Amino acid sequence: DILTVHPEAGPHLHRTLQRIRAAGVKAGVALNPATPAAAALEVIDDVDLILVMSVNPGFGGQSFIRSQLRKIETLRAAIDASGRDIMLEVDGGVNAETAPDVIAAGADVLVAGSAVFKGDPGRYAANIAAIRGSA
């Protein structure tokens, strides 16, 4: 339903987002920790989702990069000012300790991997409940 691309994936982000939407799919843009919020702001009228990567992509279990909270705040303010219904998603290092800060900064979609699958399968439901309860 949603196809999300990194600005670094190709030379023409705007064109890529237009083609995604022309195919009848929602379009998103994903920002690595070192990619500035401005990359998404340039195409804010063409996206349905902005994903802030709060770790460097590649493997699970990394620690949340706290400087991304400022990026989340900046993007939330821009989304609100746009008047558009754009989801603000955060992926990386989201757990029961970081979820409240991520929500307070303005995210409305949280991705949790390692925090959910920590321990044996009998713990998964409790792990999810802990994240939801803290948020």
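A brief structural summary. Keep in mind that this is a model prediction, so the values were computed, not measured.

Secondary structure assignment for the chain yields five helices and five strands. For 135 residues, the compact-globule estimate of 2.2 N^0.38 gives 14 Å, and the chain sits close to it at 15 Å. Counting only C-alpha atoms and orienting by the principal axes, one finds that the chain spans roughly 45 × 25 × 25 Å. In the chain, which comprises 135 residues, the proportion classed as buried is 39%.

Along any regular strand the residues' side chains alternate between the sheet's two faces. With five of its five residues buried, strand S3 (residues 49–53) lies for the most part within the structure. Across the two faces of S3 the burial is the same, with Leu-49, Leu-51 and Met-53 and Ile-50 and Val-52 all buried. Here four bridges tie strand S2 (residues 26–31) to S3, and the two strands are oriented parallel to one another. Bridged to Gly-28 within S3 is Leu-49. The sheet contact formed by S3 and strand S4 (residues 87–91) spans five bridges and is parallel. By the bridge assignment for S4, Leu-49 is matched with Met-87. Assessed by its sense of winding, the connection that carries the chain from S3 through helix H3 (residues 68–82) to S4 is right-handed.

Strands sit in the order S1-S2-S3-S4-S5 across an open sheet of five strands; the sheet is parallel. Strands with a single pairing partner mark the edges of an open sheet, and in this sheet they are strand S1 (2–5) and strand S5 (109–111). Sheet twist, expressed as the average angle between the axes of neighbouring strands with direction ignored, equals 25 degrees. Pairing between S4 and S5: three bridges, direction parallel. Along S5, the bridge assignment pairs Val-90 with Leu-110.

Our focus in this paragraph is the packing of aromatic side chains. All chains considered together, the criterion is met by one aromatic pair. Each ring, one from Phe-117 and one from Tyr-124, has its centre 5.0 Å from the other, and the planes form 90 degrees; the classification is edge-to-face. Exposure remark for Phe-117: the relative accessible area of 52% places this residue in the exposed category. You can call Tyr-124 partly exposed: its relative accessible area is 24%.

The next thing to look at is the side chain of Thr-35. Note that Thr-35 resides in the loop between S2 and helix H2 (38–41). By relative accessible area, Thr-35 is classed as buried at 7%. Contact partners of Thr-35, with chain neighbours within four places excluded, come to Pro-7, Glu-8 and Lys-71.

Tracing the chain through its elements places Ala-39 in helix H2. Expressed as a C-alpha distance, the spacing of Ala-39 and Asn-56, which sit 17 residues apart in the sequence, is 17 Å.

A word on the pattern of salt bridges. Tallied over the full model, the rule gives four salt bridges. The shortest N-O distance in the salt bridge between Arg-21 and Asp-48 comes to 3.4 Å. Within this pair, whereas Arg-21 is found in helix H1 (residues 13–22), its partner Asp-48 is found in the loop between H2 and S3, the two being separated by 27 residues in sequence. For the salt bridge of Asp-108 with Arg-76, the shortest nitrogen-to-oxygen distance reads 3.2 Å. Taken together, the residues span a long stretch of sequence, with Asp-108 in the loop between helix H4 (99–105) and S5 and Arg-76 in helix H3 at a distance of 32 residues. Accessibility expressed as a relative area gives 46% for Asp-108, which makes it partly exposed. On the basis of relative accessibility, which here comes to 15%, the residue Arg-76 falls in the buried class. One connected set of salt bridges, linked through shared partners, spans Arg-76, Asp-80 and Asp-108.

Criteria and thresholds
- Residues numbered from 1 in each chain as written.
- Predicted model: local features only at pLDDT ≥ 70, side-chain atom pairs only at ≥ 80, totals over all residues.
- Heavy atoms only, no water.
- Helix = DSSP H or I, 4+ residues; strand = E, 2+ residues; numbered from the N terminus.
- Rg over C-alpha atoms; globule rule 2.2 N^0.38 Å.
- Buried < 20%, exposed > 50% of the residue type's maximum accessible area, 1.4 Å probe, protein only.
- Pairing = 2+ DSSP bridges.
- Right-handed = clockwise from strand over helix to strand, strands pointing away.
- Axes fitted to C-alpha atoms, helices over the stretch in contact; angles between N-to-C directions.
- Phe/Tyr/Trp six-rings, centres within 6.5 Å; stacked < 30°, edge-to-face > 60°.
- Contact = heavy atoms within 4.5 Å.
- Salt bridge = Lys/Arg side-chain N within 4 Å of Asp/Glu carboxyl O.

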